[in-house]
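Observations on the model geometry
One letter stands for each residue in the lines below.
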Amino acid sequence: MLQQTQVSRVEPYYHHFLERYPSIESLAAAPPSSVRESWEGLGYYRRAVNLHRLAQEVVRDRAGVIPRDPAELRRLPGVGRYTAGAVASFAFERATPAVDTNVARVLRRAFHPRTPRRFLARRLWDTAEQIVSRRGKSAWAFNQAIMELGALICTARVAKCGECPVRAACATGRKLRKR
């Protein structure tokens, strides 16, 4: 639900969704129309379709057990690199990056402000791999912190460099400080 949607928008839907489908088995057994109805108002309905397909596949092929490994997660319907990293990190405390748009913005401004767009995605993931903690609990905290940094300080419209705790290590922040 959080793919390309803010937490404040998702929260009421999330609670209702979990009440209606308290287990992966109940979600897998639900008719597609019910799952879509539960998603009504959130948009990006393909996410609901993919989540339903994912639940069915996990129940059918994996005895209801969601994989912990990011590579295994990516084999599931609708799961890309970011979602696999987020689930592995936050749900299973795996030491893996989760690069969403907020994280990408922070990494770009901090490490790669001049990198051409065509090389950027790979560079950002490589950088995230290098700087994420190798311990699961620390990786979870790091991923959450960098997401929050991008959501609250290093925002898309206005980078609040004066408030940024990593300004001294940031290529963009250092450049602004010299002015």
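Just so it is clear, the model here is predicted, and its values are computed rather than measured.

Here's the deal with the overall build of the protein chain
On a plain count of helices and strands, the protein chain comes out with 10 helices and 0 strands. Secondary structure elements in the protein chain, listed N-terminal to C-terminal, are α-α-α-α-α-α-α-α-α-α. On the principal axes, the C-alpha backbone points of the protein chain span a range of 60 × 30 × 30 Å. Relative to its 179 residues, the protein chain shows a buried fraction of 41%. A sequence separation of at least 24 residues applies to 51% of the contacts in the protein chain between residues at least 6 apart. When the accessible surface of the protein chain is totalled, it reaches about 10900 Å², and 53% of it is carbon and sulfur. For the protein chain, the separation between the mean place of its 32 positive charges and that of its 15 negative charges on side chains is 13 Å.

Structural notes on the nonpolar core
The biggest cluster of nonpolar side chains holds 21 residues, and the ones touching the most others in it are Met1, Phe17 and Val35. Examining the composition of this core, we find that 4 residues originate from one element, helix α4 (residues 46-62), more than from any other. With sequence-adjacent residues up to four places away left out, Val35 is seen in contact with Phe17, Tyr21, Leu27, Ala30, Ala48 and His52. Core analysis: the second largest hydrophobic core is formed by 17 residues, Leu107, Ile153, Cys154 and Cys164 among them.

Focus on the pattern of salt bridges
In a structure, side chains of opposite charge can pair up when their charged atoms sit close to one another. Taken as a whole, this structure holds 6 salt bridges when the rule is applied. Glu72 is paired through a salt bridge with Arg62; the nearest N and O atoms lie 3.1 Å apart. Here Glu72, found in helix α5 (residues 70-73), pairs with Arg62, found in helix α4; they are 10 residues apart in sequence, far enough to count as distant. Of the charged contacts in the structure, one is a salt bridge between Asp69 and Arg94, with a shortest N-O distance of 3.9 Å.

Some thoughts on the environment of Leu107
Looking at the element boundaries, Leu107 is found in helix α7 (residues 101-111). Remark: the alpha-carbon pair of Leu107 and Cys170, spanning 63 residues in sequence, is separated by 8.8 Å. Excluding residues within four positions of it along the chain, Leu107 makes contact with His112, Leu124, Thr127, Ala128, Ile131 and Ile146.

Comments concerning unusual backbone geometry
Positive phi, normally seen in glycine, also occurs at Tyr44, with a value near 50°. With respect to the secondary-structure elements, Tyr44 resides in the loop between α3 (32-39) and α4.

A look at the packing of α7 against helix α8 (residues 117-131)
Axis angle and axis distance: for two packed helices, these are the angle between their axes and the distance between the axes, and together they describe the pair. The interhelical angle for the contact between α7 and α8, taken along N-to-C directions, is 95°, at an axis separation of 10 Å. With respect to each other, α7 and α8 are oriented roughly perpendicular. Across the interface between the two elements, Ala104, Leu107, Arg108 and Phe111 from α7 touch Arg117, Leu120, Leu124, Thr127, Ala128 and Ile131 from α8. The class makeup of the residues in the contact of α7 with α8 is 7 nonpolar, 1 polar and 2 charged.

Conventions and cut-offs
- Residues numbered from 1 in each chain as written.
- Predicted model: local features only at pLDDT ≥ 70, side-chain atom pairs only at ≥ 80, totals over all residues.
- Heavy atoms only, no water.
- Helix = DSSP H or I, 4+ residues; strand = E, 2+ residues; numbered from the N terminus.
- Buried < 20%, exposed > 50% of the residue type's maximum accessible area, 1.4 Å probe, protein only.
- Contact = heavy atoms within 4.5 Å.
- Areas by Shrake-Rupley, 256 points an atom, 1.4 Å probe, with all protein chains shown as cover.
- Lys, Arg positive; Asp, Glu negative; His and termini not counted.
- Charge placed at Lys NZ, Arg CZ, Asp CG, Glu CD.
- Core = buried A, V, L, I, M, F, W, Y, C linked by side-chain atoms within 4.5 Å.
- Salt bridge = Lys/Arg side-chain N within 4 Å of Asp/Glu carboxyl O.
- Axes fitted to C-alpha atoms, helices over the stretch in contact; angles between N-to-C directions.
- Parallel < 35°, antiparallel > 145°, perpendicular 65-115°, else oblique.
- Nonpolar A, V, L, I, M, F, W, Y, C, P; charged D, E, K, R; others polar.

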